[in-house]
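Structure assessment
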Amino acid sequence: MNESMNIGPDLAPPSVASPPVAPPLAALLELTHRCPLQCPYCSNPIELERAKGELSTVEWLRVLDEAAELGVLQVHFSGGEPAVRRDLPELVAHARRIGLYSNLITSGVTLDRARLAALAEAGLDHVQLSIQDVDHQTAAYIANYPGVQGKKLAFARWVREVGLPLTLNAVVNRHNVSRVERMIDLAVTLGAGRVEVAHVQYYGWALRNRAALMPTLAQVQEATQRVEAARQRLRGQIVIDYVVPDYYARQPKSCMGGWGRQFLNITPSGEVLPCHAAQTIPGLTFDSVRNRPLAEIWTTSDAFQAYRGTAWMPEPCRSCDQREVDWGGCRCQALAITGTAAAADPACALSPAHQVLRGLADVASDAPAPDFSYRRMTPQQSAAKVAATAR
Ligand code: SF4
Ligand code: FES
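The following paragraphs examine the structure supplied in this document. (Residues numbered from 1 in each chain as written. Chains lettered and ligands numbered in written order. Predicted model: local features only at pLDDT ≥ 70, side-chain atom pairs only at ≥ 80, totals over all residues. Heavy atoms only, no water.)

Quick look at the site of ligand 1 now. By nearness alone, every residue bordering ligand 1 is listed as P252, P316, C317, C320, Q322, R323, D326, G328, C348 and L350. Looking at the shell around ligand 1 residue by residue, the class counts come to six nonpolar, two polar and two charged. (Near = heavy atom within 4 Å. Nonpolar A, V, L, I, M, F, W, Y, C, P; charged D, E, K, R; others polar.)

Put into structure tokens, the structure is as follows:
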């Protein structure tokens, strides 16, 4: 309230209306958690959802309609591996029909050229392909999938042949950090318009594998210099995005562009999340598109309201001039390190836990890398996966 306003005791206070919530820019649709790869930094939750719980084609079509009505501009078909869903072309075609820009986030190992061409024909706008490395052996080790790199290279060529724009996502960790420059050069060779060189973000599976993935500070600094040099060298040829590792940062990233501000994430069974790791936060409950309209969930659900805006912030964020720039950083990382989701992200130098974060990185990266704990379903979940046929 404006402090110059003087409300007399006999006057009813004005109703304090919440500011209207702007629609999200983008929706990440996790069509399935099924995936042939087992990357140890997967952003899917530790408890993977089974195929039998996935939304049906009819339900996803309705979700697309509701997203468009809400004002979403872009949909990202993701997973797991979204291409294991046989209805992907139908979903892509519907997105095109109702004016949504569609992006396919894929591992590139399940689609053949004909199915990719069918997706292009259906109206797909863009493909984002992840790579584990340029070194074939290390790539196979990270994905736990022999021959993975050869399949990805063939897929990337098909993407360009069918006329789709390509972004390459290179996920950086201690096993491949020395080859960031070669990953960027590979993106250029493959005709990608953009490459995202992203250090692993430590939630879920990656948090479980932190010691196996964490590079040293010296490795990160060298990689950063190489990325900068590549940016100079390749100016005008390719856009290079660089996501620094939180554990060595001094300022936090604006995670998801701020909680409940720009993005929403829908799980295979239809739960709507403010970010992919939000289910790690105790006490939050998530509504499902099976039970409530998407617009209602976005504007009023408890989970989206919990950390939206700045009112929830404690110090040091509450009085910080960056609070509407980074929105206090990442809630899930704050929880993972401090035990409190409402704390400042420890990636911030002003966080009391900042040195703790740095200490964890130093300890993890100084020790020899342990074996990976690969992303996989529990034996029970695996049985369900085998039984399920691709829809
Ligand atoms: Fe961001 Fe909070 Fe750190 Fe300020 S104190 S920079 S708002 S995380
Ligand atoms: Fe959940 Fe950052 S991943 S807020």
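The relation between two aromatic rings is expressed through the spacing of the ring centres and the mutual angle of the planes. Counted by the stated rule, this structure contains six aromatic pairs. Taken together, a centroid distance of 5.6 Å and an interplanar angle of 65° make the contact between F372 and Y374 edge-to-face. Each member of the pair, F372 as well as Y374, is classed as buried. A network of ring pairs unites the aromatic residues Y141, F372 and Y374 as a single cluster. The lysine or arginine in question, R208, covers the ring of W205, its NZ or CZ lying 5.2 Å from the ring centre. Lying over the aromatic face of W298, R308 brings its terminal NZ or CZ to 4.9 Å of the ring centre. (Phe/Tyr/Trp six-rings, centres within 6.5 Å; stacked < 30°, edge-to-face > 60°. Buried < 20%, exposed > 50% of the residue type's maximum accessible area, 1.4 Å probe, protein only. Lys NZ or Arg CZ within 6 Å of the ring centre and 35° of its normal.)

Along helix α6 (residues 180-189), the positions that sit buried rather than exposed are V180, M183, I184, L186 and A187. Here the buried residues of α6 occupy an arc of 155° about the axis, which is enough to place them on one side. Tucked into the core, α6 has its buried residues touching β4 (126-131), α5 (148-161), β5 (166-172), β6 (194-199), α9 (217-233) and β7 (239-243). (Helix = DSSP H or I, 4+ residues; strand = E, 2+ residues; numbered from the N terminus. Arc of directions from axis to C-beta. Contact = heavy atoms within 4.5 Å.)

The nine strands lie next to each other as β7-β6-β5-β4-β3-β2-β1-β8-β9, forming an open sheet whose pairing is mixed. The sheet is open, and its two edges are formed by β7 and β9 (272-273), each paired on a single side. Against the sheet, α6 touches β4, β5, β6 and β7, its axis set at about 170° to β5. (Pairing = 2+ DSSP bridges. Axes fitted to C-alpha atoms, helices over the stretch in contact; angles between N-to-C directions.)

Attention now goes to the pairing of strand β1 (residues 26-30). Taken across its five residues, β1 has four buried, putting it largely inside the fold. Looking at chain direction, β1 and strand β2 (residues 74-78) are connected through five bridges and run parallel. From the neighbouring strand, A26 faces β2, where its bridge partner is Q74. As defined by bridge partners, β1 adjoins strand β8 (residues 263-266) across four bridges and the pair is classed as parallel. The residue bridging L28 from the neighbouring strand is N265, located in β8.

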